[in-house]
Amino acid sequence: MRLLAIESSCDETAAAVVEGLPLRVRASVVASQILSHQVHGGVVPELAARSHLEALQPVIRQAMEASELDWSDLDAVAATQGPGLSSSLLLGMGAARALAARLRRPLIPVHHMEGHLLSLFLSEEAPSVAEVCPALVLLVTGGHTALVRVTAPGDYTLLGRSIDDAAGEALDKGARLLGLPYPGGPEIEALARGGNADAVAFPLGAPDSEEAHRRGGIAAFSFSGLKTALRYHLEREPGTAPQDVAAAYQSAVMNALVTRARQALERDPDIRSLACVGGVARNHLLRHRLQTLAGEHQARFLTVPLAYCTDNAAMIGAVPLLRPLPHSPEPAAIHPNLPLLGLQLR
Ligand code: KG4
Ligand code: ZN
């Protein structure tokens, strides 16, 4: 099966041509809007929608050309249904619907977070589903932080999630306090290079109170206290070298993620692979620490290529190839507030 996938939930306009199984990305094109949002310090929905409108057509055309396929070779069109900015989602879904109708192919709506989750199968090692699962996956984006057990594509257990800010959000907000541009994750990573992570003691964002476990599961995360601690530190000790503050702050965010992954691996000896997906998975410190952790537990660490960590359409196309999804009844509705994989905590 071959399909064209479209992603437009936030500030990247993306199209990809994916086939499988075995999964193969024939083309993946991403037009980032980061530069136009940077001056505003965050994503501006109206600006995002206007940029999607301009970029969708050329991005889709570029992906088709790079795929070396003909329109008639496509078996389906997939598009992100949510969660995301409603006006941006509508534009991507609208383009997908028009294409599907014109090609007389089914239109398949895809959950953005499931796309991130299953991007683990776009890993460079990319072994078969049977070899990878059950997998433990840290899902860390700008809007979500969760630890998920992937028993098989479509069979997910939410082990924990953040009860307040997401890890990426903590990095973005921390960067703003440090006077760094948006998005903050890569800026903090660059500034932290050569810094001393022990220079400042920040709280661990892995709370173990009864309340935290009730709200966020056994692997609950909490990052809002970290941001507050950073603000206090900057006010009280403005003399600390910026690279030391950045290194300590980055390390605190990653410590919480690694701690929860370690505990889950200790509790669940059946886990065969460990993966980290979403924008924060681009972080080298996190990758390095998870790789070491996986080795200690005889698990395989799956490295998702950097280009498939941040928003892209290859991950959206991978979902219906990895598990059959219902084709959409017309018209395909978008869901800006789609809950995290529709999962209940266990
Ligand atoms: O997955 P993503 O592109 O968008 C969402 O669906 O939210 O993730 C964006 C997040 C931002 O918070 C950004 O700061 C973070 O990923 N990020 C990083 C790095 N690159 C991007 N965080 C840490 N280190 C990085 N190198
Ligand atoms: Zn995303």
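Going by the structure above, here's the rest.
Residues numbered from 1 in each chain as written. Chains lettered and ligands numbered in written order. Predicted model: local features only at pLDDT ≥ 70, side-chain atom pairs only at ≥ 80, totals over all residues. Heavy atoms only, no water.

1. Section: the site of ligand 1
Working step 1: Around ligand 1 lies a shell of 21 residues, among which G142, D172, G185, E189 and G279 are the nearest.
Working step 2: Between ligand 1 and the protein, one listed contact pairs an oxygen atom with a backbone N or O atom of G185 at 2.9 Å.
Working step 3: One nitrogen or oxygen atom from the main chain of V280 is found 3.5 Å from an oxygen atom belonging to ligand 1.
Working step 4: When ligand 1 sits alone it has 560 Å² of accessible area, and the protein chains cover 89% of it.
Working step 5: Among the cavities detected, the one that contains ligand 1 is the largest pocket.
Working step 6: If one sorts the elements of the shell around ligand 1 by residue count, helix α7 (residues 184-192) sits on top with four residues.
Working step 7: Looking at the shell around ligand 1 residue by residue, the class counts come to five nonpolar, 12 polar and four charged. (Near = heavy atom within 4 Å. Polar contact = N/O pair within 3.5 Å; in protein donor to acceptor, adjacent residues only side chain to side chain. Areas by Shrake-Rupley, 256 points an atom, 1.4 Å probe, with all protein chains shown as cover. 1 Å grid on protein atoms, 1.4 Å probe; cavity = no way out; pocket = protein on both sides within 12 Å on 5 of 7 lines; lining within 4 Å. Sits in = over half its atoms within 2 Å of the grid points. Helix = DSSP H or I, 4+ residues; strand = E, 2+ residues; numbered from the N terminus. Nonpolar A, V, L, I, M, F, W, Y, C, P; charged D, E, K, R; others polar.)

2. What to know about the pairing of strand β9 (residues 273-277)
Working step 1: Taken across its five residues, β9 has five buried, putting it largely inside the fold.
Working step 2: Burial along β9 is two-sided: S273, A275 and V277 facing one way and L274 and C276 facing the other are all buried.
Working step 3: Across five bridges, strand β6 (residues 135-140) lies against β9 in parallel orientation. Across the sheet, residue L136 finds its bridge partner in β9, namely L274.
Working step 4: Both β9 and strand β10 (residues 300-302) contribute to a ladder of three bridges, which runs parallel. (Buried < 20%, exposed > 50% of the residue type's maximum accessible area, 1.4 Å probe, protein only. Pairing = 2+ DSSP bridges.)

3. Focus on the sheet that holds strand β5 (residues 107-111)
Backbone hydrogen bonds are what pair the strands of a sheet, in a parallel or an antiparallel way.
Working step 1: Strand order in the open sheet made by the five strands is β3-β2-β1-β4-β5, with mixed pairing throughout. Strands with a single pairing partner mark the edges of an open sheet, and in this sheet they are β3 (24-32) and β5. Direction aside, the axes of adjacent strands within the sheet are offset by 20 degrees on average.
Working step 2: By the bridge criterion, six bridges tie strand β1 (residues 2-7) to strand β2 (residues 12-19) in an arrangement that is antiparallel. Each bridged residue has a counterpart across the sheet, and for E7 the counterpart in β2 is A14.
Working step 3: Each of β1, β4 (76-82) and β5 touches helix α3 (residues 86-103); the most contacted strand, β4, lies at about 160 degrees to it.
Working step 4: Here helix α12 (residues 314-322) sits on the sheet and contacts β1, β2, β3, β4 and β5; the angle it forms with β1, its principal contact strand, is near 135 degrees. (Axes fitted to C-alpha atoms, helices over the stretch in contact; angles between N-to-C directions. Contact = heavy atoms within 4.5 Å.)

4. Observations regarding the coordination of the zinc ion (ligand 2)
Working step 1: In this structure, H112 (NE2), H116 (NE2) and D311 (OD) serve as the protein donors to the zinc ion (ligand 2), at separations of 2.0 to 2.1 Å.
Working step 2: Because the angles between the four donor atoms bound to the zinc ion (ligand 2) fall within 93 to 129 degrees, the donor set is best described as tetrahedral. (Donors = N, O, S within 2.8 Å, 3.2 Å for Na, K, Ca; no water. Tetrahedral: all angles 85-135°; square planar, octahedral: opposite > 155°, others 65-115°.)

5. Considering the pattern of salt bridges
Working step 1: Across all of its chains, the model carries 12 salt bridges by this definition.
Working step 2: K173 is the salt-bridge partner of D165, the closest N and O atoms lying 3.4 Å from each other.
Working step 3: Judged by its relative accessible area of 8%, D165 falls in the buried class.
Working step 4: One salt-bridge network, in which partners are shared between bridges, spans R2, E19, R24 and R26. (Salt bridge = Lys/Arg side-chain N within 4 Å of Asp/Glu carboxyl O.)

6. With respect to the packing of helix α2 (residues 45-67) against α3
In a pair of packed helices, the angle between the axes and the distance between the axes together describe the arrangement.
Working step 1: At a closest axis distance of 8 Å, the pairing of α2 and α3 adopts a crossing angle of 25 degrees. Here α2 is positioned roughly parallel relative to α3, judged by the angle of their axes. Seen along the crossing, α2 lies across α3 with a hand that is right-handed. Side by side, α2 and α3 meet where P45, A48, A49, H52, L53, L56 and I60 of the first sit next to S87, S88, L91, G92, A95 and L99 of the second.
Working step 2: Of the residues contributing to the contact of α2 with α3, the split by class is nine nonpolar, four polar and no charged. (Parallel < 35°, antiparallel > 145°, perpendicular 65-115°, else oblique. Left-handed = near helix turned anticlockwise from the far one by under 90°.)

7. Comments concerning unusual backbone geometry
Working step 1: Cis geometry is found at the peptide bond from G20 to L21, where omega equals -10 degrees.
Working step 2: Relative to the elements of secondary structure, L21 occurs in the loop between β2 and β3.
Working step 3: That bond from G82 to P83 is cis: its omega, -5 degrees, falls within 30 degrees of zero.
Working step 4: Relative to the assigned elements, P83 resides in the loop between β4 and α3.
Working step 5: Of note, the phi angle at E68 is positive, near 60 degrees, even though the residue is not glycine.
Working step 6: Structurally, E68 can be placed in the loop between α2 and β4.
Working step 7: Even without glycine at this site, Q298 takes up a positive phi of about 50 degrees.
Working step 8: Within the fold, Q298 resides in the loop between α11 (284-296) and β10.

8. Quick look at the packing of aromatic side chains
Working step 1: For the structure shown, the criterion picks out two aromatic pairs.
Working step 2: Between F202 and Y249, the ring centres sit 5.6 Å apart and the planes meet at 85 degrees, which makes this aromatic pair edge-to-face. With a gap of 47 residues between them, F202 in the loop between α7 and α8 (210-216) and Y249 in helix α10 (residues 242-267) connect regions that are remote in the sequence.
Working step 3: Residue F202 is classed as buried on the basis of its relative accessible area, which comes to 14%.
Working step 4: A centroid spacing of 6.2 Å and a plane angle of 10 degrees characterise the contact between F221 and F223, whose relative ring orientation is stacked. Like F221, the residue F223 is buried in the burial classification. (Phe/Tyr/Trp six-rings, centres within 6.5 Å; stacked < 30°, edge-to-face > 60°.)

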